[in-house]
Amino acid sequence: MTLVITAILIFAFVLIATERLTNINKSAVAIFAGTVCWMIYIAYGTDFVMARHASEYSSFLDGAVTSSSAVKEYIARNVFLKYVGKASEIVLFLLATMSIVEILDNNGCFDFIRQLLRTRKSRKMLWTIAIVTFVISANLDNLTTTVMMLTIMHGIIPNRRQRMIYGSAIVIAANYGGALTVIGDSTGLLLWNSGLVSATNFSMSLLLPCLIAWALPTWWLERSLPERVETDFATMPYRGDDTRLNIWQRLLMLFVGIGGLWFIPSFHSITKLSPFIGALCVLSVLWIVNEVVNRKLLAVDANIQRRVPRVFQYGIIQMMLFVMGIMLAVGAVNETGAVDWLWAQLETQIHNSWIYGIAAGCISSVLDSFAASLSFITLNPSTEMNADYWKIIAYCSAMGGNVLCIGSISGLALLKVERLHVGWYFMHVGQKCLVGGLLGLLAMYFIL
């Protein structure tokens, strides 16, 4: 059964990597793999439990007679819930940050971005978009930032050819900005939740590599733009009656939302509670502020007119389901002992973290970067905090996700919004990202 469960995971990875060809949503594949793997595991649970948890199971029985029902109950309570908890921590954190962004966006707190983009100089607009995306993505998850910036950019630039360039710059900035912090990307969040990295050490180690890998391809893209860019600015973004806040009220909400996210690493360090508790705390405070400043709107029930882009809603929900599914599937394979066996075989041949990092980058270019990084993180049984291995895997996964846009969920969002072809992206953007990523990896080599 170990081979069967492992084969299901590998087949799921193949379907995820070929999503553009099969048109099967990778979130559905991940959820299916996660559920089926655990169903098979628990059906043949006696062999697995006796091989890996014999002493714990004996304590669980406490003198009672073992049975199929007892094995299943032990797995459900003591094995399965551990992986559900790990996945839920990330999903709840993403849910909290998504809700924070939704509240801020509905109240016009990001309208200043549109004002910053009021220029017809193509290079100035490109760097403004890239810098703003990089900074926001370091504080929010990269998919949320990508969809929000693509929506803003789409309403400003009517020329599709130019939107393809600007959209690519947004994806690059979002992926590397997210990789820079432990709250900006699912991989960093997983490492942080697992106690494998500290927020400050992680960010300082990846700062220069991420800046190089982001700035070089952005500068390269700048050279392919004309001197002037076509723009189509509306006087004000249409919102119906969903917000009447003045600028100071919007700044207050922006400070509570984004400033609260900055405090989460300190909250985790002080309380040792999971980071999603801090994110939910920030969300609750922002929610209260939102109701206070919008009390007149709430009184007349105008609040129900607020709208959120469907691509934003569905994209985030799909990402959360994907994270949950893939973590459950990998967890089931890990419980069979296959991961420990594979690591033991690799360790006899490979002792270099950089080789694992390059492998993770290559796999991330065709497979989802989170799925690839999760596999390599699970592969290494070490629990050493701030080890070079974790940072290398995190950076290389982000790098691989930019070479082919199918390798990151942000890139897939760009494909759907602008209907790009993977070949066009690789020829005009991916090659530049590969050069920038390798130079960033070289800088990381000297830093670590």
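To be clear, the structure that these remarks concern was listed above.
Residues numbered from 1 in each chain as written. Predicted model: local features only at pLDDT ≥ 70, side-chain atom pairs only at ≥ 80, totals over all residues. Heavy atoms only, no water.

K.L.:
Can you walk me through the packing of helix α12 (residues 199-222) against helix α22 (residues 422-447) in this structure?
P.N.:
Packed helix pairs are characterised by how far apart their axes lie and by the angle those axes make with each other. For the pair α12 and α22, interaxial distance at closest approach is 8 Å and the crossing angle is 155 degrees. The orientation of α12 with respect to α22, classified from their angle, is roughly antiparallel. α12 and α22 meet at a crossing whose hand is right-handed. Residues Ser205, Leu206, Leu208, Pro209, Ile212, Ala213, Leu216, Pro217, Trp220 and Leu221 of α12 lie in contact with α22, whose contacting residues are His428, Val429, Lys432, Cys433, Val435, Gly436, Gly437, Leu439, Gly440, Ala443, Met444 and Ile447. Class assignment of the residues belonging to the contact of α12 with α22 gives a composition of 16 nonpolar, five polar and one charged. (Axes fitted to C-alpha atoms, helices over the stretch in contact; angles between N-to-C directions. Helix = DSSP H or I, 4+ residues; strand = E, 2+ residues; numbered from the N terminus. Parallel < 35°, antiparallel > 145°, perpendicular 65-115°, else oblique. Left-handed = near helix turned anticlockwise from the far one by under 90°. Contact = heavy atoms within 4.5 Å. Nonpolar A, V, L, I, M, F, W, Y, C, P; charged D, E, K, R; others polar.)

K.L.:
Would you mind showing me how to read the packing of helix α19 (residues 369-379) against helix α20 (residues 388-403) here?
P.N.:
At a minimum axis distance of 9 Å, the contact between α19 and α20 shows a crossing angle of 160 degrees. Judged by the angle between their axes, α19 and α20 are roughly antiparallel. Between α19 and α20 lies a crossing whose hand is right-handed. Contacts between α19 and α20 involve Ser369, Ser373, Phe376 and Ile377 on the former and, on the latter, Tyr389, Trp390, Ile393 and Ser397.

K.L.:
Which parts of the structure should I look at to understand helix α13 (residues 247-271)?
P.N.:
Turn by turn, an α-helix covers 3.6 residues, leaving residues three or four places apart pointing in a common direction. Counted at 1.5 Å a residue, the expected span for α13 with its 25 residues is 36 Å, and the 34 Å between its end C-alpha atoms agrees. Maximum bend of α13: about 35 degrees, positioned at Phe263, with proline Pro265 one to four residues after it. When α13 is considered as a whole, its buried residues turn out to be Arg250, Met253, Leu254, Val256, Gly257, Ile258, Gly260, Leu261, Ile264, Phe267 and His268. Of the residues flanking the end of α13, it is Lys272, one or two places downstream, whose phi is positive at about 65 degrees. (Expected span 1.5 Å × (residues − 1). Bend = angle between axes of the 7 residues up to and from the residue. Buried < 20%, exposed > 50% of the residue type's maximum accessible area, 1.4 Å probe, protein only.)

K.L.:
Before we go on, may I ask you to explain the state of the cysteines in this structure?
P.N.:
Working definition: the covalent bond between the sulfur atoms of two cysteines is a disulfide. One pass over the structure, following the stated rule, counts zero disulfides. With no disulfide of its own, Cys405 has Cys433 as its nearest cysteine by sulfur position, at a separation of 9.9 Å. (Disulfide = S-S within 2.5 Å.)

K.L.:
Please explain the side chain of Ser186 as it appears in this structure.
P.N.:
On the secondary structure map, Ser186 appears in helix α11 (residues 186-193). Among all residues touching Ser186, those that are not within four sequence positions of it are Ile90, Leu94, Val323 and Phe370.

K.L.:
Honestly, the pattern of salt bridges in this entry has me stumped. Any pointers?
P.N.:
Side chains carrying opposite charge are able to pair once their charged atoms draw close together. On inspection of all chains with the given rule, the structure shows seven salt bridges. The salt bridge involving Asp368 is made with Lys26; its shortest N-O contact spans 2.6 Å. Placement of the pair is Asp368 in the loop between α18 (353-366) and α19 and Lys26 in helix α3 (residues 26-43), with a sequence separation of 342 residues. Comparing Asp368 with Lys26 shows no difference in burial state: the two are buried. With a shortest N-O distance of 2.6 Å, Arg77 and Glu73 are connected by a salt bridge. With Arg77 and Glu73 both in helix α6 (residues 68-106) and four residues apart, the pair spans about one turn of that helix. Judged by its relative accessible area of 53%, Arg77 falls in the exposed class. (Salt bridge = Lys/Arg side-chain N within 4 Å of Asp/Glu carboxyl O.)

K.L.:
Teacher, can you tell me more about a nonpolar patch on the surface here?
P.N.:
A cluster of nonpolar residues, Trp219, Trp220, Val435, Leu439, Leu442, Tyr445 and Phe446, forms a patch on the protein surface that exposes about 720 Å² of accessible area. Elements that contribute at least two residues to the nonpolar patch include exactly α12 and α22. The greatest single-element share of the nonpolar patch, amounting to five residues, is contributed by α22. Along the chain, Tyr445 turns up in helix α22. (Patch = residues over 30% accessible without salt bridge, like charges linked within 9 Å, V, L, I, M, F, W, Y side chains within 5 Å. Areas by Shrake-Rupley, 256 points an atom, 1.4 Å probe, with all protein chains shown as cover.)

K.L.:
In this structure, what is going on with the nonpolar core? I would like to understand it.
P.N.:
One recurring pattern in soluble globular proteins is that nonpolar side chains are buried together. In terms of nonpolar packing, the biggest core is built from 150 residues, with Leu104, Tyr166, Tyr176, Met253, Ile326, Met327 and Tyr395 touching the most fellow members. With 17 residues, the single largest contributor to this core is α6. Among residues more than four places away in sequence, those in contact with Met253 are Ile103, Leu104, Asn107, Cys109, Leu245, Leu286, Val289, Asn290 and Val293. (Core = buried A, V, L, I, M, F, W, Y, C linked by side-chain atoms within 4.5 Å.)

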